[in-house]
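Secondary and tertiary structure notes
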Amino acid sequence: MSRRTRREAAAAVPAQGAAARCTVTVCRGCCCGTAKIPGIDHAAQLAELRTVVADLAQVRPVPCLDACEHGNVMVVQPSAEGRRAGGRPVWLGLVNDRDAAGDIAAWIEAGGPGLADLPPILDLYAFTPSRRIRQQLED
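Described in the following lines is the structure provided in the data block.

Conventions used here
- Residues numbered from 1 in each chain as written.
- Predicted model: local features only at pLDDT ≥ 70, side-chain atom pairs only at ≥ 80, totals over all residues.
- Heavy atoms only, no water.
- Core = buried A, V, L, I, M, F, W, Y, C linked by side-chain atoms within 4.5 Å.
- Buried < 20%, exposed > 50% of the residue type's maximum accessible area, 1.4 Å probe, protein only.
- Helix = DSSP H or I, 4+ residues; strand = E, 2+ residues; numbered from the N terminus.
- Contact = heavy atoms within 4.5 Å.
- Phe/Tyr/Trp six-rings, centres within 6.5 Å; stacked < 30°, edge-to-face > 60°.

Bringing the nonpolar core into the picture now. In globular proteins that are soluble, nonpolar side chains generally tend to be buried together. Formed by 22 residues in total, the largest nonpolar core has its most connected members in V24, L49, I104 and I108. At the level of elements, strand 1 (22-27), helix 2 (42-52), strand 2 (57-62), strand 3 (74-77), strand 4 (90-92) and helix 4 (100-110) are the ones that each hand at least two residues to this core. Looking at which element gives the most residues to this core, the answer is helix 4, with six residues. The residues touching V24, leaving out its near neighbours within four places in the chain, are L49, A57, Q58, V59, R60, M74, V75, V76 and I108. By size, the runner-up hydrophobic cluster in this structure holds ten residues, among which are V62, V73, F127 and I133.

The subject of this paragraph is the packing of aromatic side chains. Here a ring pair, both rings aromatic, is described through the centre-centre distance and the interplanar angle of the planes. Counted by the stated rule, this structure contains one aromatic pair. Between W91 and F127, the ring centres sit 5.9 Å apart and the planes meet at 70 degrees, which makes this aromatic pair edge-to-face. Of the two residues, W91 sits in strand 4 while F127 sits in strand 5 (residues 126-127), which places them 36 residues apart along the sequence. On the accessibility criterion, F127 (14% relative accessible area) is buried.

Another aspect to go through is unusual backbone geometry. Each neighbour pair has its own omega, and for G71 with N72 the value is 5 degrees, a cis peptide bond. If you trace the backbone, N72 turns up in the loop between strand 2 and strand 3. Phi is positive for D66, which is not a glycine, with a value near 60 degrees. Note that D66 resides in the loop between strand 2 and strand 3. With a relative accessible area of 33%, D66 lands in the partly exposed category.

Here it is as structure tokens:
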């Protein structure tokens, strides 16, 4: 490994005590985030989610999560600490209501997957996608 690569690798490691953040993957593909799901301002939903979780999580829009029957789909991936505690990505579908972003932010603020139980309101959105779809996201 070259010196430059070592320095870059060292810089990529969070400082001790720095909290690793959750990641919220938001489907914005063929169905999710489009007029195929009416009655919701998709751009405003994404902007609000980014605003309410700005200090808590990274929001990452992706082209398609291939779970169209559950659109709009979001996946909350645990922080490094949450993963060490046994947390796994939580898939949320039919996230088509204005208050969902606040509910997701409150859960992430409490710790998110692996560190805080899924609140009952978000349990209504939770689903388990096929193994093939889960593997695509985790790869």
